[in-house]
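Understanding the architecture of this molecule
Letter by letter, the chains look like this.
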Protein chains: 2
Amino acid sequence: MTEPLRVAIAGLGTVGAGVIKLLDANGALIARRAGRKIEIVAVSARDRAKDRGVDITRFDWVDDTGGLARHERADVVVELIGGSDGPALTLARETLKQGRHFVTANKAMIAHHGLELARAAETTNAALKFEAAVAGGIPVIKGLREGAAANEIGRVYGVLNGTCNFILSKMESEGRDFGDVLAEAQALGYAEADPGFDIDGVDAAHKLAILASLAFGTRPAFDQVAITGIREVIAADIAEAASLGYRLRLVGVAEANGTGLFQRVHPHLVPLDHPLAHVAGSLNAVVAEGNFVGRLFFEGAGAGDGPTASAVVADLIDIARGEFGPAFAMPADALAAEAGADTGDRRGRAYLRFAVADKLGVLAEIAAAMRDAGVSIESLIQRGAMPDGSVIVAIVTHEGPERSVAAALDKLRGSPSLAGEPMWMPILG
Amino acid sequence: MTEPLRVAIAGLGTVGAGVIKLLDANGALIARRAGRKIEIVAVSARDRAKDRGVDITRFDWVDDTGGLARHERADVVVELIGGSDGPALTLARETLKQGRHFVTANKAMIAHHGLELARAAETTNAALKFEAAVAGGIPVIKGLREGAAANEIGRVYGVLNGTCNFILSKMESEGRDFGDVLAEAQALGYAEADPGFDIDGVDAAHKLAILASLAFGTRPAFDQVAITGIREVIAADIAEAASLGYRLRLVGVAEANGTGLFQRVHPHLVPLDHPLAHVAGSLNAVVAEGNFVGRLFFEGAGAGDGPTASAVVADLIDIARGEFGPAFAMPADALAAEAGADTGDRRGRAYLRFAVADKLGVLAEIAAAMRDAGVSIESLIQRGAMPDGSVIVAIVTHEGPERSVAAALDKLRGSPSLAGEPMWMPILG
């Protein structure tokens, strides 16, 4: 057996402690699999004395996190600090510059600076790996980078945020409204006190930008992701979707269709016969559609210390085995700088929901707006009264360009007949 | 860009032709991803003149398949002949002996001779890769070997045979009996004229033996797989299962629980809230349960020329990138020779079905046999009459040792009250 792979860990939150626990529990097995021991030599975090449930006195303590990049015994630095910039980015740059390998769970940093870091890694022949950055324990980076590498990928999409899926699943099973379930999720620790990154779709968008790059051979383009979270979803949307044979999921979708790179995070209606409809609770799932392999579906725990540690250590095992190459499946300079696609050209079916005043002529106004914009209606349900006395009108359109639907909504927006903003959701096709 | 990776293909059936088509269609993209071109240089098959929908005159034709192992321009030999022994095995041995890489879709050969071939590959530092041997296009070998490598895997299981799942799905959706659906599947080309390998569970068992080795670090032990196929499943089993909230699937299950290696292919009742219950038609799916990552679920096309070619070429890309190591995740000599587990010790719930004569006292006889063997009954349904006038008694047991159920069935077997062999199926827990 060769020399151990020596690891320095920056950041000892639940994931950092999880990595230590994992290597303690499975170290012997991992040494058999990796052909060498994986050994933590140094750690750095804000608070040395904090009780993390693991003994860290065995490791060198480094006060200045940035110093890990130059720790003389470390072959790899594992970054679990978080944040797209700041100390995490400084550490990444410095580690790769030193020719040391770099493993991270930091989706924001990779989405924003992945291209720069991939170049830096290539310059010094270091590994840059981030399996834990997308969909937690599910090996979907590997699935795209290697497993599906023989395919032209037409579309990659998935349920990428466990907090949102937990909230939507609970709204669905208990018929409750968003704000109510969010408050409970926060109380239970399933949602952050400041939940915006999750529920507004930013976290899912970071992950989607990374998946898109791997799938299509394009540069990570987080700024091109159109993002809508789940704040505006109401219980009635989920009930109407269910009555039509759909479940509501926050889905990130990326497509490269020749006219540009399309990336969108948005609540979708998912047909019951699609596997994403069955992704329950806080699970994550990713689908990749390849021109030879067809549809691949990966599901598992998208967060949590155990699953995330599993992905981090999988990266370490790859490095220990010497089985690594360009971070985004091809050299950074081979990644295409693709422009964003015009979403108006997209064709699909959509769900529209209006909260309207209960008065004469409202339905005619909506129907006329649809007709004038050329939106063909497949089904329309007017139902019940909301707590505020307004009425719900839910529409499913036939397939057509998104541009037409947007025009109809523009026409209606601001009408005194509407009790609030109309809701538009694509139906996953 | 470095030299191309030069490939020789043995066997030009649908999969062999699929590999050629894939490299023709996606070659430029693959070269970007792999960092070098993947180039077919030689082929060998039974019939040179056969129309395969691809031009093979560009490649060296080798009459003697075994000669590919010594083809001077080939870096890799891809074996798509099939058969656990014979020319495929000879080719594998000779190729690896020459220090050339070897890629195969041959589950039977890897299940039977994987250990020997892994040793041979290590001796010459050649790659031995077989992603296509299990679950077609789904990167599940990679998922276990690398993606989940940080975990102690407690159990690996899945729907591993698309023909069986197609038949069971169709029996379910159309309420038809086995023989009837099999005949249709054969007419449509979904089942072989000689379907035994598929429907008797042998094909699934080959795949399971490979998965178990990767998951547990044990030697492939096909001979230890307990195999029961789907011939004895009747429409009434599927209907009773459905009424109880289950779907019927042929599931291969492997567990390493400290008392030995448990491997079984058997029809199972799968609860509707388990993702395997939603694996429809000819799809395959694999679940791995790791001690840190939790439950990972992979689904996709388990057969067909496109998906299988996708897996074969994924292996070639790994080789082109230099990202390969021991075939079974660890050196062959590190794989444990684990004895088979005693299945009688297993605890679980089970479904039992009896076709009984419609006469006084039969139910009492069955109930007494259960009581005497200590089998506790959770539910019992006696229903309707079969075409032959017999009556169906379906039982779900409480959790208990399999030994007790076996004793009860032994007692009943041969009783003049029974119209046929009792059916026993575990309930996936």
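Note that the coordinates shown come from a computational prediction; the quantities given were computed from them, not determined experimentally. (Residues numbered from 1 in each chain as written. Chains lettered and ligands numbered in written order. Predicted model: local features only at pLDDT ≥ 70, side-chain atom pairs only at ≥ 80, totals over all residues. Heavy atoms only, no water.)

Attention now goes to the environment of A:Lys21. For A:Lys21, the location among the structural elements is in helix H1 (residues 14-34). Taking the C-alpha atoms as reference points, A:Lys21 and A:Val54, 33 residues apart in sequence, are found 6.9 Å from one another. In contact with A:Lys21, other than residues within four places in its own chain, are A:Arg52, A:Gly53, A:Val54 and B:Phe292. (Helix = DSSP H or I, 4+ residues; strand = E, 2+ residues; numbered from the N terminus. Contact = heavy atoms within 4.5 Å.)

Overlaying chain B on chain A yields an RMSD of 0.0 Å, the required transformation being a rotation through 180° with an accompanying axial translation of 0.0 Å. Classification of the inter-copy transformation places it as that of a two-fold axis. Mapped onto chain A, 100% of the interface residues of chain B again fall at the interface, so both copies present the same surface. (Least-squares fit on C-alpha atoms with pLDDT ≥ 70 in both.)

With that out of the way, let us pick up the UniProt feature "domain: ACT" (unreviewed entry) in chain A. Residues annotated in UniProt with the feature "domain: ACT" (unreviewed entry) correspond here to residues 351-427 of chain A. Helix makes up 30% of residues 351-427 of chain A and strand 36%, whereas the separation of the span's terminal C-alpha atoms amounts to 7 Å. (UniProt positions renumbered as here; feature names shortened; annotations may be inferred.)

The subject of this paragraph is the interface of chain B and chain A. Contact residues are listed per partner, giving 55 residues for chain B and 55 residues for chain A. Carbon and sulfur atoms supply 52% of the area that chain B and chain A bury against each other, a total of about 4200 Å² over both sides. Considering only the side of chain B, the residues that lose the most area to chain A are B:Arg32, B:Arg33 and B:Phe292, jointly responsible for 18% of the buried surface there. The interface formed by chain B and chain A contains four salt bridges. When the shortest N-O distance is used, the salt bridge between A:Arg145 and B:Glu323 registers 3.0 Å. (Buried area = accessible area lost by both parts, 1.4 Å probe. Salt bridge = Lys/Arg side-chain N within 4 Å of Asp/Glu carboxyl O.)

A word on the domain arrangement of chain A. All names here are of chain A. Once the domains are mapped, chain A shows domain 1 (5-137 + 311-318 + 320-333), domain 2 (150-301) and domain 3 (345-426). The C-alpha centroid of domain 2 is placed 27 Å from the C-alpha centroid of domain 1. Between domain 1 and domain 2, the residue contacts involve 17 residues of the former and 16 residues of the latter. Here domain 1 meets domain 2 over a buried area of about 1300 Å², counting both sides, of which 73% is carbon and sulfur. Considering only the surface of domain 1 that becomes buried against domain 2, Ala-111, Val-134 and Phe-328 emerge as the three largest contributors, covering 36% of it. Between domain 1 and domain 2 we count one salt bridge in total. Note that Asp-203 is salt-bridged to Lys-107, the shortest N-O span being 3.9 Å. Taken together, domain 1 and domain 2 are joined by one residue pair in polar contact (both at pLDDT 80 or more). For the side of domain 1 that touches domain 2, the residue count by class is 12 nonpolar, three polar and two charged. (Domains from an automatic or database assignment. Polar contact = N/O pair within 3.5 Å; in protein donor to acceptor, adjacent residues only side chain to side chain. Nonpolar A, V, L, I, M, F, W, Y, C, P; charged D, E, K, R; others polar.)

Quick look at the pattern of salt bridges now. Opposite charge on two side chains permits pairing when their charged atoms draw close. Residue and element names in this part refer to chain A. Counting across every chain of the model gives 77 salt bridges over all chains. The partner of Asp-372 in a salt bridge is Lys-411, and the shortest N-O contact between them spans 2.9 Å. Placement of the pair is Asp-372 in helix H11 (residues 362-373) and Lys-411 in helix H12 (residues 402-412), with a sequence separation of 39 residues. Using a relative accessible area of 45% as the deciding quantity, one classes Asp-372 as partly exposed. (Buried < 20%, exposed > 50% of the residue type's maximum accessible area, 1.4 Å probe, protein only.)

Further remarks concern the packing of aromatic side chains. Each aromatic ring pair is characterised by the separation of its centres together with the angle its planes make. Residue and element names in this part refer to chain B. Summed over the entire model, instances satisfying the criterion amount to six aromatic pairs over all chains. Note on Phe-130 and Phe-328: the rings are 5.2 Å apart at their centroids and 40° apart in plane angle, and the pair reads as tilted. Of this pair, Phe-130 sits in the loop between strand E6 (128-129) and helix H4 (140-147) while Phe-328 is found in the loop between helix H10 (305-321) and strand E13 (347-348), placing the two residues 198 residues apart along the sequence. We note that Phe-130, like Phe-328, is buried. Geometrically, the ring pair formed by Phe-166 and Tyr-190 is tilted, given 4.4 Å between the ring centres and 35° between the ring planes. With Phe-166 in helix H5 (residues 162-174) and Tyr-190 in the loop between helix H6 (178-188) and helix H7 (196-199), this pair connects stretches of sequence that are 24 residues apart. The exposure class of Phe-166 is buried, given its relative accessible area of 14%. (Phe/Tyr/Trp six-rings, centres within 6.5 Å; stacked < 30°, edge-to-face > 60°.)

Residue and element names in this part refer to chain B. The contact between helix H1 (residues 14-34) and H10 brings their axes to 8 Å, and the two run at 45°. Our classification of the angle between H1 and H10 gives oblique. The chirality of how H1 crosses H10 is right-handed. Contacts between H1 and H10 involve Thr-14, Val-15, Gly-18, Val-19, Leu-22, Leu-23, Ile-30, Arg-33 and Ala-34 from the first element and Asp-305, Thr-308, Ala-309, Ser-310, Val-312, Val-313, Ile-317, Ala-320 and Arg-321 from the second. Within the contact of H1 with H10, the residues separate by chemical class into 11 nonpolar, four polar and three charged. (Axes fitted to C-alpha atoms, helices over the stretch in contact; angles between N-to-C directions. Parallel < 35°, antiparallel > 145°, perpendicular 65-115°, else oblique. Left-handed = near helix turned anticlockwise from the far one by under 90°.)

Our focus in this paragraph is the pairing of strand E16 (residues 391-397) of chain B. All names here are of chain B. Counting buried residues in E16 gives seven out of seven residues, a clear majority hidden from the surface. Here strand E14 (residues 350-356) pairs with E16 via six bridges, running antiparallel. Each bridged residue has a counterpart across the sheet, and for Val-356 the counterpart in E16 is Val-391. Looking at chain direction, strand E15 (residues 377-385) and E16 are connected through seven bridges and run antiparallel. The residue bridging Ile-381 from the neighbouring strand is Ala-394, located in E16. (Pairing = 2+ DSSP bridges.)

Further remarks concern the UniProt feature "binding site: L-homoserine" (unreviewed entry) in chain A. Residues and elements named next belong to chain A. Under the UniProt annotation, the feature "binding site: L-homoserine" (unreviewed entry) is placed at Glu-192. By the element assignment, Glu-192 lies in the loop between helix H6 (178-188) and helix H7 (196-199). Residue contacts for Glu-192: discarding those within four places in its chain leaves Gln-186 and Asp-198.

All names here are of chain A. Taking strand neighbours across the sheet as the criterion, the four strands line up as E15-E16-E14-E18 in an open arrangement whose pairing is antiparallel. Of all strands in the sheet, those with a lone pairing partner are strand E15 (377-385) and strand E18 (423-426), marking the two edges. Adjacent strand axes in the sheet meet at a mean angle of 15°, parallel and antiparallel pairs treated alike. H11 rests against strand E14 (350-356), E15 and strand E16 (391-397) of the sheet, and its axis sits at about 150° to E14.

The next thing to look at is the packing of helix H4 (residues 140-147) of chain A against H10(B). It is at 10 Å that the axes of H4(A) and H10(B) come closest, and there the two elements cross at 85°. The angle between H4(A) and H10(B) places the two elements in the roughly perpendicular class. Along the contact surface, H4(A) presents A:Arg145, A:Glu146 and A:Gly147, while H10(B) presents B:Ala314, B:Asp318 and B:Arg321.

Before going further, it helps to examine the environment of B:Ala256. Residue and element names in this part refer to chain B. Here Ala-256 shows up in strand E9 (residues 246-256). For Ala-256, a relative accessible area of 31% puts it in the partly exposed group. Ala-256 sits 40 residues away from Phe-216 along the chain, and the two C-alpha atoms are 6.7 Å apart. Residues contacting Ala-256, with those up to four places away along its chain left out, are Gly-154 and Phe-216.

One non-glycine residue with positive phi stands out, namely B:Asn125, at about 60°. Looking at the secondary structure, you find B:Asn125 in the loop between helix H3 (107-124) and E6.

It is worth spelling out a nonpolar patch on the surface at this point. Residue and element names in this part refer to chain A. On the surface, a cluster of nonpolar side chains totalling about 200 Å² of accessible area is made up of Leu-363, Ile-377 and Leu-380. Counting through the fold element by element, Ile-377 comes out in strand E15. A residue is classified by how much of its surface remains accessible, and Ile-377, at 31% relative accessible area, is partly exposed. (Patch = residues over 30% accessible without salt bridge, like charges linked within 9 Å, V, L, I, M, F, W, Y side chains within 5 Å. Areas by Shrake-Rupley, 256 points an atom, 1.4 Å probe, with all protein chains shown as cover.)

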